[in-house]
Amino acid sequence: MSPSLAFKTAIVPAAGLGTRFLPTTKAVPKELLPVVDTPGIELVAAEAAEAGASRLVIVTSPGKDAVAQYFRPQPELEKTLESRGKSALLEKVRRAPALLNVETAIQEQALGLGHAVACAEPNLDGDDDAVAVLLPDDLVLPTGVLKRMADVRAERGGSVLCAFDIPREQISAYGVFDVEDTADDDVKVVRGMVEKPPADEAPSTFAAAGRYLLDRAIFDALKRITPGAGGELQLTDAIALLISEGHPVHVVVHRGGRHDLGNPGGFLRAAVDFALDDPEYGPGLRAWLRDRVKD
């Protein structure tokens, strides 16, 4: 399998209740809230497809069917748009279903990210040697880091994670990697990970982002870890177990930006950022913002 096709299945954990967006998320899943006019989960799915994925497994909770429904064709809507000559809108409506094949896995109880990933194992085929995991709250910009991660896995084996280089004074808000350098400044060997350390005790300034390219061995490790804080199965604990057993784990340091869609403040920043780049909305929004900030 070539480096650009180092995985075919991407897993997106989307079972959460979206409590920080209540009351909206009483009726609308957080993953479908629009960044300008495109739901965050479509942006993440497009990133996975761009990196070579052909299948998306959405881990969802009972009653949260709308997220998967979004990726299914809507023939009646398409027919109506076509009959009215709305070709640009028709293209947008057809975009998500055409990205990749979408399946669901049900997480009956919210028992942590590790548990959510484990729920997707029955969806895998015998040739799924590795899977990508993309957290839908994280928009990693520009896209392309998954391709780089796949190249590193092809060269070095094992599992590959994404990291950002964070100013030390901000590092205590993140999971932080304990790393060793390689000949490539943007590829590090991972020796361990510390959750939210004090800034002066952090082993590095490389913090975890929501992108993982995990060897299939992760599913065996998830069966062997014990619940951590809050009774949850942590993905990082399973990765730490693999490291302790000699499984190669590397990080790719991404030198771009990111947006956190997991809270309203971060979501608003993402929406403004994307809207400013939109040829239809950008010029007017930029002018309005200048006047609004001036006031």
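Described in the following lines is the structure provided in the data block. Here the structure is a predicted model, which means the values were calculated and not measured.

1. Things to note about the packing of helix H1 (residues 40–50) against helix H4 (residues 87–99)
When two helices pack together, their arrangement is given by the angle between the helix axes and the distance between those axes.
Then step 1. Packing of H1 against H4 brings their axes to within 9 Å, and their N-to-C directions diverge by 50°. As the angle between them shows, H1 and H4 are arranged oblique. Pair H1 / H4 crosses with left-handed handedness. Contacts between H1 and H4 pair Glu-42, Ala-45, Ala-46 and Ala-49 from the former with Arg-95, Ala-96 and Leu-99 from the latter.
Then step 2. For the contact of H1 with H4, a count of residues per class yields five nonpolar, no polar and two charged.

2. A short note on the pairing of strand S12 (residues 249–253)
Then step 1. In terms of burial, S12 is largely enclosed, as five of its five residues are buried.
Then step 2. Alternating positions in S12 separate into two faces, Val-249, Val-251 and Val-253 on one and His-250 and Val-252 on the other, with burial throughout.
Then step 3. Pairing of strand S8 (residues 159–165) with S12 involves five bridges; the strand directions are parallel. Across the sheet, the residue bridging to Ser-159 is Val-249, located in S12.
Then step 4. Pairing between strand S10 (residues 187–195) and S12: three bridges, direction antiparallel. Bridged to Lys-188 within S12 is Val-251.

3. Brief notes about the packing of aromatic side chains
Then step 1. With the rule as written, the count across this model stands at two aromatic pairs.
Then step 2. For the pair Phe-21 and Phe-267, a centre-to-centre distance of 5.8 Å together with 75° between the ring planes defines the contact as edge-to-face. On the criterion of sequence distance, the pair formed by Phe-21 in the loop between strand S1 (9–13) and strand S2 (34–35) and Phe-267 in helix H9 (residues 264–276) is long-range, its members being 246 residues apart.
Then step 3. Seen in terms of ring centroids, Tyr-70 and Phe-71 are 5.5 Å apart; in terms of plane orientation they differ by 90°. Their pairing is edge-to-face.

4. Regarding unusual backbone geometry
Then step 1. Cis rather than trans, the peptide bond between Leu-22 and Pro-23 has omega equal to 10°.
Then step 2. Turning to its location among the elements, Pro-23 is positioned in the loop between S1 and S2.
Then step 3. Here the bond from Leu-141 into Pro-142 is cis, since omega is -10°, no more than 30 degrees from zero.
Then step 4. Tracing the chain through its elements places Pro-142 in the loop between strand S7 (138–141) and helix H6 (145–156).
Then step 5. Even without glycine at this site, Val-36 takes up a positive phi of about 65°.

Thresholds applied
- Residues numbered from 1 in each chain as written.
- Predicted model: local features only at pLDDT ≥ 70, side-chain atom pairs only at ≥ 80, totals over all residues.
- Heavy atoms only, no water.
- Axes fitted to C-alpha atoms, helices over the stretch in contact; angles between N-to-C directions.
- Helix = DSSP H or I, 4+ residues; strand = E, 2+ residues; numbered from the N terminus.
- Parallel < 35°, antiparallel > 145°, perpendicular 65-115°, else oblique.
- Left-handed = near helix turned anticlockwise from the far one by under 90°.
- Contact = heavy atoms within 4.5 Å.
- Nonpolar A, V, L, I, M, F, W, Y, C, P; charged D, E, K, R; others polar.
- Buried < 20%, exposed > 50% of the residue type's maximum accessible area, 1.4 Å probe, protein only.
- Pairing = 2+ DSSP bridges.
- Phe/Tyr/Trp six-rings, centres within 6.5 Å; stacked < 30°, edge-to-face > 60°.

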